[in-house]
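Analysis of the macromolecular model
Here's the letter readout for the chains.
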Amino acid sequence: MSMLTAPRPDLRTDTGRPPALLLREVTKTYDGAHHALDRVSLEVRRGSFLAIMGPSGSGKSTLLHCAAGLDTPTSGEVLIGGTAIAKLGENQRTRLRRSRIGFVFQSYNLLPSLTVEENLTLPLRLAGTPADRRWLLDLVERVGIAHLLHRRPGELSGGQQQRAAIARSLAARPEVVFADEPTGALDLDTAAEVLDLLRELVDDSGQTVVMVTHDPAAAARAHATAVVADGRIEHYLPGAGAEDLAALLAGLRKR
Ligand SMILES: Nc1ncnc2c1ncn2[C@@H]1O[C@H](COP(=O)(O)OP(=O)(O)OP(=O)(O)O)[C@@H](O)[C@H]1O
């Protein structure tokens, strides 16, 4: 595949339902001048796995934060499952973040005083959403933490903690999971297992995952990679391999 593929949003849609995530011409300007994001448009269909890569300072975190409603674009529009975030009041936005968006962070962000099970169901309790027991049981089996539910995070390995965090992000069956360097703190083998898990959840359970990563091998596990440079999506690469991504990134860093 050519490394020079033009920036191109994923325009496949499924059965007329709105995409899991849609960005239209999203711009984020700091101090009225510097464009951290410059008219970024992106469509992520349901049941797909998108990686976001780019040199340091290119705008990846800003993109993720705007897409997840954690930050407000200066202009443009973000829709989660067809809902325009900007049109929501603060309370509705908080509700959307709790029930329709999942988050996975490099540092797991599990509460140390709660058991794994309590961590898992906390977002549901905060959102006032009744737990779907069957989904939760299936989820903990799939994620491989069913035997760890009564432990506290400090009693788990890094990989187990990230599995628990992934299960937590999916407890409310969100429209989209945003993962920020989910394997950044894990050794290579454990990272590969966690990426396999994310890919399985996408392929087998129809989840949608958007993952920021510096690691070309991690991005290669996604269906497509959006490469950000200077606040714009410069390349949209479906099915790119780790070596091609590494070469492309090295070229961008030298510019
Ligand atoms: N709160 C802020 N105020 C001013 N400028 C900011 C702010 N946050 C980010 N920026 C700037 O916006 C640009 C994009 O930053 P961003 O954090 O999105 O990059 P990144 O690709 O995630 O970088 P990294 O890989 O190093 O985390 C950078 O030039 C950064 O300095």
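As the structure is a computational prediction, the values presented were derived from the model and not from experiment.

Comments concerning the overall build of the protein chain
When helices and strands are counted, the protein chain shows eight helices and 10 strands. Compactness check: the protein chain gives a C-alpha radius of gyration of 18 Å against a globular reference of 18 Å for 255 residues, within 12% of the reference. Projected onto its principal axes, the C-alpha coordinates of the protein chain cover approximately 50 × 40 × 40 Å. Expressed as a percentage of the 255 residues in the protein chain, the buried residues total 42%. Within the protein chain, residue pairs in contact and separated by at least 24 positions form 72% of the contacts whose partners lie at least 6 positions apart.

Observations concerning the environment of Glu 77
Residue placement: Glu 77 occurs in strand 4 (residues 75–80). Judged by C-beta crowding, with 15 C-beta atoms within 10 Å, Glu 77 ranks as partly exposed. With 39 residues separating them in the primary sequence, Glu 77 and Asp 38 have C-alpha atoms 13 Å apart. Apart from the residues within four sequence positions on either side, Glu 77 is in contact with Arg 24, Ala 84 and Ala 86.

Considering the pairing of strand 8 (residues 209–212)
Burial of strand 8 is two-sided: the residues Val 209 and Met 211 facing one way and the residues Val 210 and Val 212 facing the other way are all buried. Bridge count between strand 3 (residues 49–53) and strand 8: four bridges; the pairing is parallel. Of the residues in strand 8, the one forming a bridge with Leu 50 is Val 210. With four bridges joining them, strand 7 (residues 176–180) and strand 8 adopt parallel strand pairing. Across the sheet, the residue bridging to Ala 179 is Met 211, located in strand 8. Once the chain exits strand 7 it traverses helix 6 (residues 188–205) before rejoining the sheet at strand 8, and the crossover so formed is right-handed.

What about unusual backbone geometry?
With phi around 65 degrees, Tyr 108 is a residue other than glycine that occupies positive phi space. With respect to the secondary-structure elements, Tyr 108 resides in the loop between strand 6 (101–105) and helix 3 (116–127). Backbone geometry places Arg 173, a non-glycine residue, at a positive phi of 50 degrees. Residue placement: Arg 173 occurs in the loop between helix 5 (158–170) and strand 7. Its 16 C-beta neighbours within 10 Å are what place Arg 173 among the partly exposed residues.

Thoughts on the confidence of the model for the protein chain
Taken residue by residue, the protein chain gives an average pLDDT of 90. The fraction at 70 or more is 94%. Within the model, pLDDT remains below 50 along residues 1–13, and this stretch shows 24 contacts once partners closer than five positions in the same chain are excluded.

Re the site of the ligand
Taken together, Tyr 30, Ala 36, Gly 54, Ser 56, Gly 57, Ser 58, Gly 59, Lys 60, Ser 61 and Thr 62 make up the full set of residues near the ligand. Looking at the shell around the ligand, the element that brings in the most residues is helix 1 (residues 60–67), giving three residues. A breakdown of the residues in the shell around the ligand according to their chemical character gives two nonpolar, seven polar and one charged.

Digging into helix 6
The terminal C-alpha atoms of helix 6, which comprises 18 residues, lie 25 Å apart, in line with the 26 Å expected from a rise of 1.5 Å per residue. In the core, the buried residues of helix 6 are packed alongside strand 3, helix 5, strand 8 and helix 7 (216–219).

With respect to the UniProt feature "domain: ABC transporter" (unreviewed entry) in the protein chain
UniProt's entry tags residues 21–255 with the feature "domain: ABC transporter" (unreviewed entry), counted in the numbering of this structure. Taken as a whole, residues 21–255 contains 38% helix and 26% strand, while its terminal C-alpha atoms sit 30 Å from one another.

Here's the deal with the sheet that holds strand 3
The six strands lie next to each other as 6-7-8-3-9-10, forming an open sheet whose pairing is mixed. Each edge of the open sheet carries a strand with a single partner, namely strand 6 and strand 10 (232–238). Pairs of neighbouring strands in the sheet enclose a mean axial angle of 20 degrees, with direction left out of account. In this fold helix 8 (residues 242–254) packs onto strand 3, strand 9 (224–229) and strand 10, with an angle of close to 5 degrees to the strand it touches most, strand 9.

Digging into the sheet that holds strand 5 (residues 83–84)
One key point about sheets: their strands pair by backbone hydrogen bonds, in either a parallel or an antiparallel sense. Read across the sheet, four strands follow the order 2-1-4-5 without closing on themselves; strand pairing throughout is antiparallel. The strands lining the two open edges of the sheet, one partner per strand, are strand 2 (34–44) and strand 5. As defined by bridge partners, strand 1 (residues 21–30) adjoins strand 2 across seven bridges and the pair is classed as antiparallel. When the bridges of strand 2 are listed, Thr 29 appears paired with His 35.

Rules used in this analysis
The numbers attached to residues start from 1 for each chain and follow its sequence in the written order. In keeping with the model being predicted, local features are shown solely for residues with a pLDDT of at least 70 and side-chain atom pairs are shown and tallied solely at 80 or more, while totals for entire chains, interfaces and linings include all residues. Here a helix means four or more residues in a row that DSSP labels H or I, a strand means two or more in a row labelled E, and each is numbered from the N terminus. Our radius of gyration looks at C-alpha atoms and nothing else; its globule reference is 2.2 Å times the residue count to the power 0.38. Buried means a residue has 20 or more other C-beta atoms within 10 Å of its own C-beta, exposed means 12 or fewer, and partly exposed covers the counts in between; C-beta atoms are placed from the backbone. Working definition of a contact: two residues with C-beta atoms, positioned from the backbone, lying within 7 Å. Here a strand pair is declared whenever DSSP counts at least two bridges between the two strands. For a crossover, the right-handed case is the one in which the path from the first strand over the helix to the second runs clockwise, viewed with the strands pointing away from the viewer. pLDDT is defined as a per-residue confidence score from the predictor, taking values between 0 and 100. In this analysis a residue is considered near a molecule or strand if the C-beta atom, reconstructed from its backbone, is found within 6 Å of that molecule or strand. Polar here means any residue other than Ala, Val, Leu, Ile, Met, Phe, Trp, Tyr, Cys and Pro, which are nonpolar, and Asp, Glu, Lys and Arg, which are charged; Gly is therefore polar. A helix is expected to span 1.5 Å for every residue after the first. UniProt positions are given in the numbering used here, feature names are shortened, and annotations may be inferred rather than shown by experiment. Helix axes are fitted only over the stretch in contact, all axes being lines through C-alpha atoms; the angle between N-to-C directions runs from 0 to 180 degrees.

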